Amino acid sequence: MTQLATEQTIWDKNESLPREELQALQAKRLKQAVARVYQNVPFYTANLNALGLTADDINAIDDVRKLPFTVKTDLRDNYPLDLLAVPRDQLARLHASSGTTGKPTFAVFTQEDLDTWSDLCARFLYAGGLRKNQFAHVAFGYGLFTGGFGLHYGIERVGAGVIPAASGNTRRQIALLRDLNTETLICTPSYALNIAEVAREEGLDPATDLPIKFGHFGGEPWTEDMRVAIEAELGITAFNNYGLSEVLGPGVAGECPCRNGMHLQEDHFLFELVDPQTDEPVKPGEIGELIITNLTKQATTLLRYRTRDLCVIHEEPCDCGRTTRRMGRVIGRSDDMMIIRGVNVFPSQIEEALLSVEGTTPHYMIELDRPGNLDQVTVSVEIQPHMFSDKMTEMNMLKRAIDKEIRTITGIGVTLNLVQPQTLARFEGKAKRVIDNRFAPGSMEK
Ligand SMILES: [Zn+2]
């Protein structure tokens, strides 16, 4: 990106340490982290003992592979606070995961953790254009969700002015953005498109009538095509960032001006990429499940947390000067993976296919059914008003083009349902685009 390319965008010297120095720091912090949980967290004491390990067995980065994985159900089993690595009176703040299935899991912070968190968010915000003399508008939910507060304190750490708009009332959000001449927008990528759409309904051209220059989007997976759509709609430069409340919240990784992957904050986390089936490390460039070990978090320190997020890691140096490796977009969650007629398919692949065809919009729903014994997929997508035609031939041509793309990318055929603009559900938080009726009560199959 030309405007930022000539500027110094590195917030912290740890982002550009020589690799050997970074790895020495990681090894030292890993040893401390394992010692911390071995001493203070009965769950880890028992798990390490069961493997015949103590903290003394962990001396180098590769020793991480001796350690057991931690999975989401371990967090639920230790609800609410059995994984604490510090006395309860040292906690400064508690957040929780959204808990869409089962109990929520807590994300807990000491004051030192909150300082680290602010710094890690400041790193990617600063890399993506935020400066002291600007405003940033946070349209993430506040409350227990880590997104709102994490970014909020990151903005304050940079020294910029924060507008904690939270979610809801999109018209008021648009008015705030315009009245305050706000430079940076922070929300989910689907909400950014929602803002553009509501602005259009108000008779505005979102690309020119909204003041935003930069967007930082996260909280749900999105595609490169969606970035192109958002940038064109809002007339901004859009950045991707990554985080999860189990190990921190936002701030685990974020893009630099080169936007060729999200720089992993390797001084605070140890990252591995494994084959979700075999648990072995994948070869360079291959897709694997991201495994994260907390190196510095005091309140809870998770060892080898299985994120279920699938991505690639880029090892080659980045032009920005940071020396950290970079993760590619999350292409799916091993949980979200839809197994359709034996084929692994991700909602993000369907989205990629839809957006590569002229005339579609990023508003879609995927419905899975199993009449008889065969999986059936119905994809409904809103098409642009000028494409909506009474002539069957034009609609059929569009359908064929979309169908071909979906087959090419996913290897499966679907039933397509082209619908009028504004007919599908809109989302302010995480988009829920898959309805799986195959295993619903009352369905024929179990
Ligand atoms: Zn970079």
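Look above for the structure.
Here goes a summary of the coordinates provided. Quick caveat, the model's predicted, so the values are computed rather than measured.

By volume, the second largest pocket amounts to about 590 Å³. In this structure, the second largest pocket is lined by 24 residues; those nearest its centre are Glu-233, Thr-360, Thr-361, Pro-362 and Gln-384. Mapped onto the lining of the second largest pocket, the elements with two or more residues apiece are helix H8 (189-201), helix H10 (224-234), strand E18 (360-369) and strand E19 (376-383). Residue classes in the lining of the second largest pocket are distributed as 9 nonpolar, 7 polar and 8 charged. Here the lining of the second largest pocket spans two domains, and each of domain 1 (1-334) and domain 2 (338-436) adds at least three residues to it.

Right, let's get into the pairing of strand E11 (residues 288-294). The buried count for E11 comes to 7 of 7 residues, which makes it a mostly enclosed element. Bridge count between strand E10 (residues 269-274) and E11: 6 bridges; the pairing is antiparallel. Residue pairing for E11: Leu-270 is matched across the bridge by Thr-293. Here E11 pairs with strand E12 (residues 305-311) via 4 bridges, running antiparallel. The residue of E12 that forms the bridge with Ile-292 is Tyr-305.

Right, let's talk about unusual backbone geometry for a bit. Following Tyr-79, the chain continues to Pro-80 via a peptide bond in cis, the omega torsion being -5°. For Pro-80, the location among the structural elements is in the loop between helix H4 (72-77) and strand E1 (91-96). Positive phi outside glycine occurs at Ala-166, with the angle close to 60°. Its location among the elements puts Ala-166 in the loop between strand E4 (161-163) and helix H7 (170-180). Phi is positive for Arg-259, close to 50°, though the residue is something other than glycine.

Read across the open sheet, the 4 strands follow the order E10-E11-E12-E15; overall the sheet is antiparallel. Strands with a single pairing partner mark the edges of an open sheet, and in this sheet they are E10 and strand E15 (332-333).

Quick look at the pattern of salt bridges now. Under the counting rule described, the total for this entry stands at 29 salt bridges. Among the ionic pairs, Lys-72 bridges to Glu-246, the shortest N-O distance being 2.7 Å. Note that Lys-72 is positioned in helix H4 and Glu-246 in the loop between strand E7 (237-244) and strand E8 (249-255), a separation of 174 residues in sequence. Taking relative accessible area as the criterion, Lys-72 reaches 22% and is therefore assigned partly exposed. We classify Glu-246 as buried; its relative accessible area is 13%. Here Arg-227 makes a salt bridge to Glu-224, at a shortest N to O gap of 3.0 Å. Within this pair, Arg-227 and its partner Glu-224 are both found in helix H10, separated by 3 residues, close to a single helical turn. Using a relative accessible area of 3% as the deciding quantity, one classes Arg-227 as buried. Each of the salt bridges in this network shares a partner with another, and the network as a whole consists of Arg-19, Glu-266, Glu-315 and Arg-325.

What follows concerns the coordination of the zinc ion. Six octahedrally arranged donors around a metal ideally form angles of 90 or 180 degrees; four tetrahedrally arranged donors ideally form angles of 109.5 degrees. In the first shell of the zinc ion, the protein supplies Cys-256 (SG), His-263 (NE2), Cys-318 (SG) and Cys-320 (SG), at 2.1 to 2.3 Å from the metal. With 4 donor atoms in place around the zinc ion and angles of 102 to 114° between them, the coordination shape is tetrahedral. One chain supplies every donor to the zinc ion, and in sequence these donors are spaced C-x6-H-x54-C-x1-C. With Cys-256 in the loop between E8 and strand E9 (262-264) and Cys-318 in the loop between strand E13 (313-314) and strand E14 (326-327), the pair connects residues that are 62 residues apart, well separated along the chain. In terms of burial, Cys-256 and Cys-318 fall into one category: buried.

Counted by the stated rule, this structure contains 10 aromatic pairs. On the basis of an interplanar angle of 15° and a centroid distance of 6.5 Å, the ring pair of Phe-149 and Tyr-153 is categorised as stacked. With Phe-149 and Tyr-153 both in helix H6 (residues 146-158), this residue pair falls 4 residues apart, about one helical turn. Within the aromatic cluster, the residues linked to one another by ring pairs are Tyr-142, Phe-149 and Tyr-153. In this arrangement the basic side chain of Arg-131 is found over the ring face of Tyr-126, its NZ or CZ atom lying 3.9 Å from the centre. The ring of Tyr-364 has Arg-433 lying over it, and the distance from NZ or CZ to the ring centre is 4.7 Å.

How each quantity is defined
Residues numbered from 1 in each chain as written. Predicted model: local features only at pLDDT ≥ 70, side-chain atom pairs only at ≥ 80, totals over all residues. Heavy atoms only, no water. 1 Å grid on protein atoms, 1.4 Å probe; cavity = no way out; pocket = protein on both sides within 12 Å on 5 of 7 lines; lining within 4 Å. Points joined across faces, edges and corners; volume = space filled by probe spheres on them. Helix = DSSP H or I, 4+ residues; strand = E, 2+ residues; numbered from the N terminus. Nonpolar A, V, L, I, M, F, W, Y, C, P; charged D, E, K, R; others polar. Domains from an automatic or database assignment. Buried < 20%, exposed > 50% of the residue type's maximum accessible area, 1.4 Å probe, protein only. Pairing = 2+ DSSP bridges. Salt bridge = Lys/Arg side-chain N within 4 Å of Asp/Glu carboxyl O. Donors = N, O, S within 2.8 Å, 3.2 Å for Na, K, Ca; no water. Tetrahedral: all angles 85-135°; square planar, octahedral: opposite > 155°, others 65-115°. Phe/Tyr/Trp six-rings, centres within 6.5 Å; stacked < 30°, edge-to-face > 60°. Lys NZ or Arg CZ within 6 Å of the ring centre and 35° of its normal.

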